[in-house]
Amino acid sequence: MTKKIERLNNLQVVLVEPQVPGNVGSTARAMKNMGLSRLTVVNPWFRDHPQSRYMAHGSEDILENARYTDTLEEAVADSVLVLGTTRRKRKSTPFMNARSAAEEIHNALESGQVSVLFGREDKGLSNDELKCCHIHVTIPSSEKQPSLNLSQAVLVMAYEIYMFARPSSIKKLDLAAAKELAGMYEHLEESLTTLGFRQWNDGDNYMKSLRRVFSRTKMEKRDVATIHKLCGEIDKYTSRLRAEMDKDSES
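Residues numbered from 1 in each chain as written. Predicted model: local features only at pLDDT ≥ 70, side-chain atom pairs only at ≥ 80, totals over all residues. Heavy atoms only, no water.

Draft legend 1. View of the overall build of the protein chain. Looking only at helices and strands, the protein chain has 11 helices and 7 strands in total. Taking 251 residues into account, the globule formula puts the C-alpha radius of gyration at 18 Å, and the protein chain, at 30 Å, lies well above it. Judged by the C-alpha coordinates and their principal axes, the protein chain covers about 100 × 40 × 40 Å. Looking at the protein chain residue by residue over its 251 residues, the buried ones come to 39%. Counted over contacts in the protein chain with a minimum sequence separation of 6, partners at least 24 positions apart contribute 82%. Counting only carbon and sulfur atoms, one obtains 50% of the accessible surface of the protein chain, whose full area is about 15200 Å². Looking at the protein chain, you have 36 positive and 34 negative side-chain charges, and the mean spots of the two groups are 2 Å apart. (Helix = DSSP H or I, 4+ residues; strand = E, 2+ residues; numbered from the N terminus. Rg over C-alpha atoms; globule rule 2.2 N^0.38 Å. Buried < 20%, exposed > 50% of the residue type's maximum accessible area, 1.4 Å probe, protein only. Contact = heavy atoms within 4.5 Å. Areas by Shrake-Rupley, 256 points an atom, 1.4 Å probe, with all protein chains shown as cover. Lys, Arg positive; Asp, Glu negative; His and termini not counted. Charge placed at Lys NZ, Arg CZ, Asp CG, Glu CD.)

Here it is in C-alpha cells:
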C-alpha cells in the first residue's frame with residue numbers, strides 16, 4: 001500500500017446536520033468503496049437509525065465507528081485543512097472543482113487531518129459554516145439538474161481523492177527514437193515499392209499518408225520492430241516470387 005493510500009486515514013468526511021438517515025448509510029458505503037473510513041456527523045436528529053444500517057450494506061463498521069459532535073467547530077478543530085462543498089462562490093475563499101481539490105487534500109494530508117464538509121440535503125452549508133473552510137469545492141454538473149444527492153456528492157469527492165492516491169496503472173511507454181522511426185519508414189517504403197506501390201503524383205504521397213497515420217500514435221520500440229518484421233515478410237515473399245518468375249522464364 002502506497003504512502004498516498006495510507007494518508008487517507010487522516011481524512012474525515014463531515015456531514016453537517018443530515019436530514020435523511022439513509023443518506024448517512026449510503027455515505028458510509030461510498031466512503032468504503034473509495035478507501036475512506038473516518039465519518040463525522042454534526043448535530044444529527046438521529047444516531048443509530050435502521051435506515052442508515054440498511055443503506056450502509058457492508059459498511060456498517062464505518063457507522064459504528066462514526067464520531068458525533070454537537071458543533072462544526074468541534075468536528076474540525078484538529079484539521080489542518082477544511083474544505084466545504086458548495087455551488088456558491090465567495091471572493092474571499094479559494095474555489096476549485098473536485099479534481100483540483102484532490103491534490104490540495106493530499107498535500108495537506110502529509111501534515112495532519114483534513115476535513116471535507118457536506119451540508120444539508122435541502123440547503124447545503126450555511127454562510128457561517130462556509131466561513132470555517134479554507135477552500136470551497138464544487139462538483140460540476142448539468143444546469144438542468146445541478147443538485148446531487150448527499151451520498152452521490154460524497155462518492156464523487158471520494159473517487160477523485162482515491163484516484164489521486166491510487167498507484168498509476170499507466171504503463172511507461174518505451175518510445176522509439178527519431179532515427180528508429182526513420183529506419184522503419186525507409187524499410188516500409190522499400191518493401192512496398194517491391195510490391196508495386198507507385199506514387200500517384202510527383203510527390204511521395206503514399207508515404208506522406210503512412211507517416212501521418214503512424215504519427216497519430218505513440219510508436220514504441222516494439223511497434224517499430226513489428227513493422228520491420230512485417231516488411232521482412234514482404235521482402236521474403238517478393239524474393240520468392242521473383243525467383244519463381246525467373247525459373248519459369250528460364251524454362
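Past the structure itself, the notes keep going.
Draft legend 2. Inspection of the pairing of strand 1 (residues 11–16) at higher detail. Among the 6 residues of strand 1, 6 are classified as buried, and the element is accordingly described as predominantly covered. Of the two faces of strand 1, both are covered, the one formed by L11, V13 and L15 as well as the one formed by Q12, V14 and V16. In this sheet, strand 6 (residues 113–118) lies alongside strand 1 in parallel orientation, the contact comprising 5 bridges. Bridging from a neighbouring strand, L11 pairs with V114 of strand 6. Where strand 1 and strand 2 (residues 38–42) come together, 5 bridges link them in parallel fashion. (Pairing = 2+ DSSP bridges.)

Draft legend 3. Representation of the packing of aromatic side chains in the model. In total, this model carries 3 aromatic pairs according to the counting rule given. Note on W45 and F46: the rings are 4.9 Å apart at their centroids and 75 degrees apart in plane angle, and the pair reads as edge-to-face. Note on W45: relative accessible area 58%, which makes it exposed. Residue F46 is classed as buried on the basis of its relative accessible area of 6%. (Phe/Tyr/Trp six-rings, centres within 6.5 Å; stacked < 30°, edge-to-face > 60°.)

Draft legend 4. Structural detail: the state of the cysteines. Applying the stated rule across the entire model yields 0 disulfides. In this structure C132 is not part of a disulfide, and its nearest cysteine sulfur, from C133, lies 6.5 Å away. Judged by relative accessible area, which is 26%, C132 ranks as partly exposed. (Disulfide = S-S within 2.5 Å.)

Draft legend 5. Seen up close, the pattern of salt bridges. By the definition in use, this model includes 10 salt bridges. For E17, the salt bridge identified is with R120, shortest N-O distance 2.9 Å. Here E17 is found in the loop between strand 1 and helix 2 (21–33), whereas its partner R120 is found in the loop between strand 6 and helix 7 (127–130), with 103 residues between them in sequence. A relative accessible area of 27% means that E17 is categorised as partly exposed. Residue classification places R120 among the buried residues on the basis of a relative accessible area of 11%. (Salt bridge = Lys/Arg side-chain N within 4 Å of Asp/Glu carboxyl O.)

Draft legend 6. A look at the nonpolar core. Ranked by internal contacts, the top residues of the largest apolar core, which has 38 residues, are V13, L39, L83, I105, F118 and M157. If one sorts the elements of this core by residue count, helix 8 (residues 150–165) sits on top with 7 residues. If we ignore the near neighbours within four places in the chain, the residues touching L39 are V13, L15, V24, T27, M31, I62, L63, A66 and R67. (Core = buried A, V, L, I, M, F, W, Y, C linked by side-chain atoms within 4.5 Å.)

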